[in-house]
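So the chains spell out like this:
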Amino acid sequence: MPDWRQEIPSRDELELVQLERLQSTLNRAHRQVKFYRRQFDELDLRPDDIQDLTQVTKLPFTSREDLSKNYPYGLFAVPLRDIVRIQSSPGATDNPVVVGYTAADLRFWRELGARLYRSAEVSKEDIVQIVLSSGLTNWARDLKDGAEHLGASVIPFSNLNFAKQLMVMRDYKSSVLVTTPSYARQLLRVREKMGLVAADFNLKRAILVAEPLPSALRAEIQAGLQVSISTAYGITEVLGPGLAFSCPEETGFHFSEDHFLPEIVDPDSGERRPFGLPGELVITTLSTAAFPLLRFRTGDLTSLHPEACPCGCPLIRLGDITGRCDRIFSIGGIKIHPDQIGAAIREILEGHVPRHLLRRGRDEALDYLAIDIAVDELLFSDEVKCLEVIGRRLRRHLRENLGIEARVSLVENLPPPDQETIAIS
Amino acid sequence: MLEIRNLYAYYGNIEALSGVTCHVKQGEIVALIGANGAGKTTLLNSVCGLVYARGKVTFEGNAITQLAPEAVVARGISQAPEGRQIFAPLTVLENLELGAYLRYRQRQREAVSQDLQRIYELFPRLWERRQQTAGTLSGGEQQMLAIGRALMARPRLLLLDEPSLGLAPVIVDAIMETVIKLRETGVTILMVEQNARTALSIADRGYVLETGRIILSAPARELLNDRQVTRAYLGKDYKEFTEGR
């Protein structure tokens, strides 16, 4: 069990530390980010009007759209010459979301990453192998940095196929596997085909990220890999992993509230919800310098539980992530907005967007996005070959731009929606 | 130990502090840095009751907001003010004795004379010059005297206002070493410094104050590497950035 006293203030101190950091974040955001200053001015607010943590509700929310609208550098709170990393990810609109980091921010995220590993009882003795898809490079990079910061030996993510990854895992004696739940299951399938068993490996622990982990799948991976399992919660397109990490008592995720202020709000009214009740998670950064976020709406549905945890970690807990309150969905851990698919179709078809249906599909253990496009008069072509080209281009576009696998079918009529249907446009 | 919440202070119509929240834990050295006029000294003076301030200041769990300066000293906080402000015509010994003024009235003469010995051990220079008038001391010696005088009140929290101001680097180092020694004897320290590098090199944590507001708070070693801090210390604002965008 890690000793948290070194790095996390006790509950008595926490409130004051949070308030101090919140106020300094507000001062910086107000002073240095036009977008936030305008919002303060519109409400006739001064940063020092927030005098305790509950008064944060006086501030307006920041949405994913706001992030995209201020493309590229509009929300940066430090001069560009202080920025040492610029990271972008597909946004909710046509513009990507661009996040900047100062050297101090990177150090901070590495420390939070290391905290995630420490909570999973990973130490510098461990060999950490990261197996993630190219669409999850933000997770992969931050988790690599965190493990290196901890002093573990890290095998960073690469484009090796599953069989090669297993070979590396066996020969290099990896003790910790960092991957997604569906990748873990796929690794199990491939291992079976290769005729290998758990005893051929040195794995002790798996850290499963980016996707929810249903208990049946958890049990399957645990038994198959013969490891103990930890999970983590992050919004890596905006905020890195290490935002919250699973508790050894399995009572949810401990949320790093010494650096981020969590709230749960009603997704429709925006009213704050009391502890224990479900709602949308809203996050205000307390420590990051380059990219302060005030009341960012994550879109994730969960709940907050302040009761002391038997594991001894003083941080508040998030309940399970039960779903989303916006239209964003995830394929293999990669978050996608249906409009992004619509935009991709528009680009391939040069401005035309026929009716289409998005479904979740699975090939062995791997998720893909199935896209059924209704062939309308504009699209109708005698040449089947031409239709095939459309499918191939769209697939490539999605792989290149979003990092997801897709299968495209051109159909006469869209099938009726079922359980796997994500969206119809 | 010391908790300050939403503190406002004014000089006439000018708001010198705009809702400052910060704290000092028992046994810590905390540095408060920022440019000239940022409100650093005002913050210390508000804690001491020298400046009228609105907000909440608690020391060891008790509210001390708006207490008279002598009452704050009696609670265990004393300040070594900026520019030393020693009594130049008096001798070193007399200056030190004045620091224990409250305790003389409480008839703690014996304890006071023990403390005097302690101060002389800490600053052997002051022993050598104990009969000399304070005005004839060098800058560094005067600073030692100011700290010694503050210590004579036996504070648990010592407030140091610009202890390095106008001193040669080698003297500054000596003063900082003394501050570290003081902490080892159980005194907690809140230090205001324009010389950010010096203060942060011995502090545990630091706050950066800019025009009456705290804009950064972090462990001192992190602030030392922060480019914003260098800028805040130099007193530049962010115009060049916002205009250049």
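Residues numbered from 1 in each chain as written. Chains lettered and ligands numbered in written order. Predicted model: local features only at pLDDT ≥ 70, side-chain atom pairs only at ≥ 80, totals over all residues.

Q: Go over the overall build of chain A with me, naming the residues and quoting the values.
A: Counting secondary structure elements, chain A contains ten helices and 21 strands. For 425 residues, the compact-globule estimate of 2.2 N^0.38 gives 22 Å, and chain A sits close to it at 22 Å. Each of the three principal axes of chain A carries a C-alpha extent, and together these read 70 × 60 × 45 Å. Looking at chain A as a whole, 47% of its 425 residues qualify as buried. In chain A, 67% of the contacts between residues at least 6 apart in sequence involve partners at least 24 apart. (Helix = DSSP H or I, 4+ residues; strand = E, 2+ residues; numbered from the N terminus. Rg over C-alpha atoms; globule rule 2.2 N^0.38 Å. Buried ≥ 20, exposed ≤ 12 C-beta atoms within 10 Å, placed from the backbone. Contact = placed C-beta atoms within 7 Å.)

Q: Please provide a residue-by-residue account of the overall build of chain B, values included.
A: When you go through chain B residue by residue, the secondary structure sums to twelve helices and ten strands. Over its C-alpha trace chain B gives a radius of gyration of 18 Å, about what one expects of a compact globule, namely 18 Å for 245 residues. Sequence-distant contacts in chain B: of pairs separated by 6 or more residues, those separated by 24 or more amount to 67%.

Q: Kindly report on the pairing of strand S3 (residues 29-33) of chain B, identifying the contributing residues and their values.
A: All names here are of chain B. Counting buried residues in S3 gives five out of five residues, a clear majority hidden from the surface. Residues Ile29, Ala31 and Ile33 line one face of S3 and the alternating positions Val30 and Leu32 line the opposite face, and both faces are buried. Both S3 and strand S8 (residues 188-193) contribute to a ladder of five bridges, which runs parallel. Counterpart to Ile33 in the pairing with S8 is Glu193. (Pairing = 2+ DSSP bridges.)

Q: Could you give an account of the sheet that holds strand S11 (residues 279-285) of chain A, naming the residues involved and the relevant values?
A: All names here are of chain A. Read from one edge of the open sheet, four strands run S10-S11-S12-S15, paired in antiparallel fashion. Taken across any chain shown, the strands that pair with only one partner, and hence form the sheet edges, are strand S10 (260-265) and strand S15 (323-324). As paired elements, S11 and strand S12 (residues 296-302) share four bridges and run antiparallel to each other. Residue pairing in the sheet places Val282 in a bridge with Arg297 of S12.

Q: Kindly report on the domain arrangement of chain A, identifying the contributing residues and their values.
A: All names here are of chain A. Under the domain assignment, chain A is made up of domain 1 (1-326) and domain 2 (337-424). Inter-centroid distance (C-alpha atoms) of domain 1 to domain 2 is 31 Å. Contacts between domain 1 and domain 2 engage ten residues on the former and eleven residues on the latter. Among the residues making up the side of domain 1 that touches domain 2, the classes are represented as two nonpolar, five polar and three charged. (Domains from an automatic or database assignment. Nonpolar A, V, L, I, M, F, W, Y, C, P; charged D, E, K, R; others polar.)

Q: Any chance you could break down the interface of chain A and chain B for me, citing the residues and the numbers?
A: Buried accessible area, meaning the area lost when the parts come together, often serves as the stated size of an interface. Between chain A and chain B, the residue contacts involve 18 residues of the former and 20 residues of the latter. For the side of chain A that touches chain B, the leading source of residues is helix H1 (residues 11-32) of chain A, giving ten residues.

Q: Any details on the environment of Tyr11 of chain B? Residues and values, ideally.
A: You can see Tyr11 of chain B is positioned in strand S1 (residues 2-11). Separated by 194 residues in sequence, Tyr11 of chain B and Arg205 of chain B have C-alpha atoms that sit 28 Å apart.

Q: I'd love a proper account of the confidence of the model for chain B, names of residues and values included.
A: Residues and elements named next belong to chain B. Confidence in the prediction for chain B averages 88 pLDDT; 93% of positions are at 70 or higher. Throughout residues 234-245 the model reports pLDDT below 50, and contacts reaching past four residues in sequence, or to other chains, amount to seven contacts. This prediction of the complex comes with two scores: 0.90 for pTM and 0.88 for ipTM. (pLDDT = per-residue confidence, 0-100.)

Q: Describe the environment of Gln129 of chain A, listing the residues and the values that go with them.
A: All names here are of chain A. Take Gln129: it is sitting in strand S3 (residues 127-130). Judged by the 24 C-beta atoms lying within 10 Å of it, Gln129 falls in the buried class. The residues contacting Gln129, other than those within four sequence positions of it, are Ile155, Val168, Met169, Ser174, Val176, Leu177 and Val178.

Q: Tell me about the pairing of S11 of chain A, and please be specific about residues and values.
A: All names here are of chain A. Across the seven residues of S11, seven count as buried, placing the element largely inside the fold. Here S10 pairs with S11 via six bridges, running antiparallel. Bridging across to S11, Val265 finds its partner in Glu280.

Q: Tell me about helix H4 (residues 103-119) of chain A, and name the residues and values.
A: In this model, H4 of chain A (17 residues) spans 24 Å end to end at C-alpha, consistent with the 24 Å of a helix rising 1.5 Å per residue. Of all 17 residues in H4 of chain A, twelve are buried, a share of seventy percent or more. All buried positions along H4 of chain A are accounted for by Ala104, Asp105, Phe108, Trp109, Arg110, Leu112, Gly113, Ala114, Arg115, Leu116, Tyr117 and Ser119 of chain A. Each element contacted by the buried residues of H4 of chain A is listed here: strand S2 (97-102), helix H5 (137-150), strand S7 (228-235), strand S8 (239-246) and strand S9 (253-255) of chain A together with helix H10 (220-224) of chain B. Note on H4 of chain A: the residue one or two positions beyond its end, Glu121 of chain A, has a positive phi of about 60 degrees. (Expected span 1.5 Å × (residues − 1).)

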